[in-house]
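Below are the chains, spelled out letter by letter.
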Amino acid sequence: MAIRLFNTMSRKIEEFKPLTAGKMGFYSCGPTVYHYAHIGNLKTMVHNDILKRMFIENGYDVRHVMNITDVGHLTTDEDDSGEDKMEKGAARDGKSVWDIAEFYLGEFLRDYDDLNIMRPTVMPRATDYIAEQIDLIKKLEKLGFTYEIAGDGIYYDTSKFAAYGALTGGSLSGNRAGARVEYNDAKHNPTDFALWKFSPTDKHRQMEWDSPWGIGFPGWHLECSAMSMKLLGDHFDVHTGGEDLSRIHHTNEIAQSEPVVGAPWVSYWVHFGFLVDKSGEKMSKSKGEFLGLDALRNRGFDPMAYRYWILSGHYQSQMAFSFDALESAATAYKNIVRRVADILRDGSGNVDSDKYGSWHDKMLVTISDNMKTAETLVLVREMLRDADTNNATRVKILEFVDRLLGLQLISRARALIDSESDAAPAEVVALSDARTAAKVARDFARADELRAQIDALGWSVVDTRDGAKLVKKA
Ligand code: AMP
Ligand code: ZN
């Protein structure tokens, strides 16, 4: 199927054309591991996951790289000032920078798994690619893009890069007026940014490295350019991130990369809308109060309900989070799981391959058109209701839906069947066991007789891949 995506660079929905037939190289800006991920970060990760699944179901071999930022991300991106977020997080937790990186990465991956997000092919850490980052600065230095601010660092001169700011529609020189932070007067242009920051002389940094310019650490933007080039090649297909990243971080990544590898460095830039609160405020780790996935778990929400809620919106739009909205999504999700459980219990008919093909294609065409997840969910619900689709066919379509949307409908429905089955009284369980034994002995008449007895007691026996299950009749 044709895949169409909104490309931030062209500000248009474009048909995807891979650099190499059948392959898709994909880089996503990952978490800065100085704190727990909030549900806004996780929204972005769910969109990454859908993007990836959409390509896989379209037959692409996807190589996904997502970085882990464990150094260099300062509290004020706009002006390369403020503290290193990692050092700040370490001081807050009373641990070393390396320890908090390990701890929050572990927590992040727990959330990642609970939301059924496929792990990236490679998850490089910035601190493991210091040599590559230094190398990239050297190349930029050779090409004349850098200058030094004494006692501060090596800076990128944005006036040297004619296409600077193209991602957000032109020059960013007007940014200074809107900047919330004090302007660093030593910079040649307001938009210039640090490639290498020198370690302070009055304070000890836990993470620092030697370089041709002096001891220090890389600027945050640098890691993504250096690691993506190393792990995906000089040019790759798709680069993603939350919508906040286009104006500065991705703009600077392009400025660092294109002079070295040639333009366009990346074919498609895909940005995801923010999770905001009711007043439209962005959820952010640095703003103190934020909701992690634990806050949802602690209120009894299944992480899958959160995933379902995200899929009910469009990736380009912001979504306003509220527990009421999540509650409605949780109810809708549970209803679908209940319906899937009924289908699994019955499972009758033979797979109708024409019907399967037509639902499969309809869903894949819909999602491939700029990742229309909400419309794909509408088709899933339609398919569950459609009287012309038998249950065996529905099960096969649901297997595809689970691969595409990662909503774990079948495994959740099986768990529901199991939980209802557990509650059967001893007499019914004994009859069911006797029936299983009769079936093993190929005494099907006896097995049918026992099924009738179970039925008469208000229970149904369902044969599943994992054996007989008992379900209370409605
Ligand atoms: P961070 O860990 O804050 O560096 O961010 C990791 C990813 O989450 C980046 O792609 C951000 O753009 C994205 N992100 C940050 N805040 C939000 C939010 N409120 N909603 C959606 N995505 C976000
Ligand atoms: Zn990045």
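What you see is a predicted model; the values in this text were computed from it and never measured.

A. Spatial organisation of the coordination of the zinc ion (ligand 2). Surrounding the zinc ion (ligand 2) are the protein donor atoms Cys29 (SG), Cys224 (SG), His249 (NE2) and Glu253 (OE), at 2.0 to 2.5 Å. Each of the four donor atoms bound to the zinc ion (ligand 2) contributes to angles spanning 75 to 131°, and the resulting shape is irregular. All donors to the zinc ion (ligand 2) come from one chain, and their sequence spacing reads C-x194-C-x24-H-x3-E. One end of the pair, Cys29, is in the loop between β3 (23–28) and α1 (39–57); the other, His249, is in helix α7 (residues 246–261), with 220 residues separating them in the sequence. Accessibility expressed as a relative area gives 2% for His249, which makes it buried.

B. Main features of empty space enclosed by the protein. On inspection of all chains with the given rule, the structure shows two cavities of 30 Å³ or more. The space that makes up the second largest cavity amounts to roughly 30 Å³. Broken down by class, the residue content of the lining of the second largest cavity amounts to six nonpolar, two polar and no charged.

C. Molecular detail of helix α2 (residues 85–93). Taken together, the buried positions of α2 are occupied by Lys85, Met86, Glu87, Gly89 and Ala90. Backbone geometry just downstream of α2 places Gly94 in the positive-phi region, at approximately 65°.

D. Focus on the confidence of the model for the protein chain. Here the protein chain averages 92 in pLDDT, and 95% of its residues register 70 or above. In the model, residues 173–182 has pLDDT below 50 throughout and makes eleven contacts with residues more than four positions away in sequence or in other chains.

E. Highlighting the site of ligand 1. With respect to spatial proximity, 19 residues lie near ligand 1, and among them Thr44, Asp244, Leu275, Met283 and Lys285 are the closest. Isolated, ligand 1 exposes 490 Å² of accessible area, and the fraction of that covered by the protein chains is 94%. Looking at the shell around ligand 1, the elements that each hand over two or more residues are α1 and β11 (236–242). In terms of residues, the shell around ligand 1 owes the most to one element, α1, which gives four residues. Here the residues of the shell around ligand 1 are counted per class, giving seven nonpolar, nine polar and three charged.

F. Representation of the sheet that holds strand β9 (residues 193–198). Read from one edge of the open sheet, four strands run β7-β8-β9-β10, paired in antiparallel fashion. Where the open sheet ends on each side, the last strands, each with one partner, are β7 (146–149) and β10 (216–218). This sheet shows a mean twist of 25° between the axes of neighbouring strands, independent of strand direction. Both β9 and β10 contribute to a ladder of three bridges, which runs antiparallel. Directly across from Trp196, in β10, lies its bridge partner Pro218. Seen against the sheet, α7 touches β8 (153–156) and β9 and runs at an angle of roughly 90° to β9.

G. Quick look at the sheet that holds β3. Read across the sheet, four strands follow the order β4-β3-β11-β12 without closing on themselves; strand pairing throughout is parallel. What marks the edges here is a single partner per strand, and that holds for β4 (61–66) and β12 (266–272). Adjacent strand axes in the sheet meet at a mean angle of 20° when their direction is disregarded. Looking at chain direction, β3 and β4 are connected through six bridges and run parallel. Its bridge partner being in β4, Met24 is matched across the sheet by Val62.

H. The arrangement of the nonpolar core in detail. Counting residues in each nonpolar core, the largest one holds 132 residues, and the members touching the most others are Phe55, Tyr306 and Leu405. In terms of residue count, helix α10 (residues 323–346) provides more of this core than any other element does, eleven residues in total. Domain assignment of the residues forming this core places at least three in each of domain 1 (4–272) and domain 2 (293–417). Discounting residues that sit within four places of it in the chain, Leu405 has contacts with Ile50, Arg53, Arg307, Leu311, Ile367, Thr376, Leu377 and Val380. Core analysis: the next-biggest nonpolar cluster, separate from the first, contains ten residues, Ala424, Ala447, Ile454 and Trp459 among them.

I. Examining the packing of aromatic side chains more closely. Throughout the structure, instances matching the rule amount to 22 aromatic pairs. The interplanar angle of 50° and the centroid separation of 6.4 Å between the aromatic rings of Tyr27 and Phe236 together place this pair among those described as tilted. Taken together, the residues span a long stretch of sequence, with Tyr27 in strand β3 and Phe236 in strand β11 at a distance of 209 residues. Judged by centre distance (5.2 Å) and plane angle (45°), the ring pair of Phe108 and Tyr112 falls under tilted. Taken as a pair, Phe108 and Tyr112 lie in helix α3 (residues 97–114) at a separation of four residues, close to a single helical turn. Since its relative accessible area comes to 1%, Phe108 is described here as buried. Here the aromatic residues Phe301, Tyr306, Trp309, Phe321 and Phe323 are joined through ring pairs into a cluster of three or more. Above the ring of Phe217, the side-chain terminus of Arg205 is found at 3.5 Å from the ring centroid.

About the criteria used
Residues numbered from 1 in each chain as written. Chains lettered and ligands numbered in written order. Predicted model: local features only at pLDDT ≥ 70, side-chain atom pairs only at ≥ 80, totals over all residues. Heavy atoms only, no water. Donors = N, O, S within 2.8 Å, 3.2 Å for Na, K, Ca; no water. Tetrahedral: all angles 85-135°; square planar, octahedral: opposite > 155°, others 65-115°. Helix = DSSP H or I, 4+ residues; strand = E, 2+ residues; numbered from the N terminus. Buried < 20%, exposed > 50% of the residue type's maximum accessible area, 1.4 Å probe, protein only. 1 Å grid on protein atoms, 1.4 Å probe; cavity = no way out; pocket = protein on both sides within 12 Å on 5 of 7 lines; lining within 4 Å. Points joined across faces, edges and corners; volume = space filled by probe spheres on them. Nonpolar A, V, L, I, M, F, W, Y, C, P; charged D, E, K, R; others polar. pLDDT = per-residue confidence, 0-100. Contact = heavy atoms within 4.5 Å. Near = heavy atom within 4 Å. Areas by Shrake-Rupley, 256 points an atom, 1.4 Å probe, with all protein chains shown as cover. Pairing = 2+ DSSP bridges. Axes fitted to C-alpha atoms, helices over the stretch in contact; angles between N-to-C directions. Core = buried A, V, L, I, M, F, W, Y, C linked by side-chain atoms within 4.5 Å. Domains from an automatic or database assignment. Phe/Tyr/Trp six-rings, centres within 6.5 Å; stacked < 30°, edge-to-face > 60°. Lys NZ or Arg CZ within 6 Å of the ring centre and 35° of its normal.

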